[in-house]
Amino acid sequence: MPPIALLLLLLVPLAGTALLQLVPSERSGLVRPLAVAGALLQLLLVLLCWRLPPPDLLQPWLPKLGLDLNLGLDGLSQPMVLLTSLITALAILATPVDQPRPRLFFSLLLATNLGAMGAFLARNALLFVLAFELVLIPTTLLVAIWGGQKRAGAAIRFLLYGAVSGLSLLAGVLALGWLNRNGLSFAYADLAKASLSPQATRWVLALLLVGFGLKLPVVPLHGWQPFTYGQAPIPVVMILAGAVSKLGAYGLLRFGVGFLPETWIAWSSWIAAAGAITAVYGALNAIVQDDMRRLMAYSSLGHMGLLVLAVAAATPMSLQGAVAQVIAHGLIVALLFACVGLIERKTGTTTIAELSGLLNPLRGLPFTTGMLLLALMAAAGIPGLAGFPAELLVFEGSWTTFPRATLVCLLASGFTAVYAIRLFNRVGFGRLDNTRADWQATRWPERLPAMALSLLVVAAGIWPQALVGWGEATTAAMALRSGSPSALLASSQVRTGGAPTLAALLPSGASQAG
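Quick summary incoming for the structure in this document. Keep in mind it's a predicted model, so treat the numbers as computed, not measured.

Cut-off values and rules
- Residues numbered from 1 in each chain as written.
- Predicted model: local features only at pLDDT ≥ 70, side-chain atom pairs only at ≥ 80, totals over all residues.
- Heavy atoms only, no water.
- Axes fitted to C-alpha atoms, helices over the stretch in contact; angles between N-to-C directions.
- Helix = DSSP H or I, 4+ residues; strand = E, 2+ residues; numbered from the N terminus.
- Parallel < 35°, antiparallel > 145°, perpendicular 65-115°, else oblique.
- Contact = heavy atoms within 4.5 Å.
- Nonpolar A, V, L, I, M, F, W, Y, C, P; charged D, E, K, R; others polar.
- Buried < 20%, exposed > 50% of the residue type's maximum accessible area, 1.4 Å probe, protein only.
- Polar contact = N/O pair within 3.5 Å; in protein donor to acceptor, adjacent residues only side chain to side chain.
- Expected span 1.5 Å × (residues − 1).
- Salt bridge = Lys/Arg side-chain N within 4 Å of Asp/Glu carboxyl O.
- Patch = residues over 30% accessible without salt bridge, like charges linked within 9 Å, V, L, I, M, F, W, Y side chains within 5 Å.
- Areas by Shrake-Rupley, 256 points an atom, 1.4 Å probe, with all protein chains shown as cover.

Helix α10 (residues 234-244) packs onto helix α4 (residues 102-121) with a crossing angle of 0 degrees between their chain directions and a minimal axis gap of 11 Å. Judged by the inter-axis angle, α4 sits roughly parallel to α10. Here α4 contributes F105, L109, T112 and F120 to the contact with α10, which in turn contributes P235, V236, I239, A243 and V244. Taken together, the residues of the contact of α4 with α10 break down into eight nonpolar, one polar and no charged.

Spelled out as structure tokens, the structure:
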């Protein structure tokens, strides 16, 4: 593919946003199909770029400021780009046909996609910051206009946390470029060889940790997340949790591990502790929630703790696990919220106490509830589903470096099964409320996004290479520690000439069985 293909990945959502504004009000029925077409066209382009990787695109823009239009794909950004385009398309498909003010709604969804894709494709730190900040504007409007009863408060909180995240990131990136003893440059290739004083490096990493920790989020920087996920429209939550939050994970990998390795190693024990606290805090809070939306929000928060642990360990296997966790979590959390959205649309509530008997084959929502069960099992790390190989790599890759933090995260993973079983027992079984159980069954077009995500979650569990094969060479080159000294892993490295593979960790036949 020519380099212009990278630019087309950004021009498609931009053109789609402009095209939607030209649709007459009396032809509003065309808006959703056009938005779907634009998202699917971008997804097709991403798949072509995956099969035929294009070279980097470099076009001078504001050279005196160090800002260039520098786009590229590598083993770290490829899975993020594919995940973002996929979740965007499915979120648009998950939007009701009778969505109010569809032109503005779908335009803002595509604008969110434009910002996230621009950040993942950027090969210049200033360009990354611009795209990172762009995401905040449309997502805030989406929450403020189409959110729940407390949407104003949720939007304000989301905006304030996002603004602090963006300012902290901007300050860290500017300091990284300006204080570089090798000269002013924001190109990733130059920042990877940057030379800063030890004191400056510590300040830069602190700013970056705050910026990306707010976006991810991690405890105690998570105050916006449960409230926002509880109020935002379901398609918006799917994009926020499945794609936008991955900007934080990507930033920690690219900037923290990639550009500031020595300071990252020095601070890694504290970062791992933050990950362990986040995992336990999220899981315990999920257990006591009485609303499905907030339960899923805290579940997502807990899984982000596992990701932070993996990045902190920075071994070849843990970094593979971090990338796998990004993909697996993106698919699983999008599926969870897609199912919750279907249930909310048919029953009018997400309050757990008001829901029971959804598995009833006659008057319940058995198909949707079955997909919810699949998503909960995947979140709990059941073998054969996407969550299992990702968590296996995270735990195995982090164990020798941070055994205590890994044990805490294993405990949190056990709590995941507790709230998954508790939720499903309460909403799936029991008697239907005869005064309320007159729900209409979900139709096949409504089920399509959740069905697609269900198939992907199962496929990734049966074929784990779909999760770990993306960035194996890239993460192996980024690793800051050697990892486990066991003979099994060492022999795996000898055979593969790089990072140990998932197949080396599983019993015979388990790598195919998931």
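What follows deals with unusual backbone geometry. The residue after L216, namely P217, is reached through a cis peptide bond having omega -10 degrees. Here P217 shows up in the loop between α8 (198-215) and α9 (225-231). Cis geometry marks the peptide bond from V219 to P220; its omega dihedral reads 10 degrees. Topologically, P220 is positioned in the loop between α8 and α9. With a phi close to 55 degrees, A314 is a non-glycine residue in the positive phi region. Here A314 shows up in the loop between α13 (292-313) and α14 (316-347).

Moving on to the side chain of T347. Within the secondary structure, T347 sits in helix α14. Since its relative accessible area comes to 9%, T347 is described here as buried. In this structure the side chain of T347 is engaged in a polar contact, spanning 2.7 Å, whose partner is the backbone oxygen of I343. A polar atom in the side chain of T347 sits 3.1 Å from the backbone oxygen of T349. Filtering out sequence-adjacent residues up to four positions away, T347 remains in contact with L355, L365, R436 and W439.

Before going further, it helps to examine helix α18 (residues 444-462). Look at α18: 25 Å from first C-alpha to last across 19 residues, which is about the 27 Å you get at 1.5 Å a residue. When we look at burial in α18, the residues that qualify are E446, R447, P449, A450, L453, S454, V457, A460 and G461. Residues of α18 that are buried in the fold lie against α3 (77-93), α10, α14, α15 (366-379), α16 (387-399) and α19 (465-468).

As a further point, take the pattern of salt bridges. Going through the model one piece at a time under the given rule, you end up with seven salt bridges. Salt-bridge contacts for R123 lead to D74; the nearest nitrogen and oxygen are separated by 3.1 Å. Placement of the pair is R123 in the loop between α4 and α5 (125-146) and D74 in the loop between β2 (67-71) and α3, with a sequence separation of 49 residues. Here the two residues R123 and D74 agree in accessibility, since each one is buried. Salt bridges sharing partners connect three or more residues here, namely D56, D74, R123 and R254.

With that settled, consider a nonpolar patch on the surface. A contiguous nonpolar surface patch, about 410 Å² in accessible area, is contributed by M1, L41, L44, L48 and L52. Among the structural elements, L48 can be located in helix α2 (residues 31-51). By relative accessible area, which is 36% here, L48 ends up partly exposed.

Within the secondary structure, T88 sits in helix α3. Relative accessible area serves as the criterion here: at 2%, T88 is assigned to the buried category.

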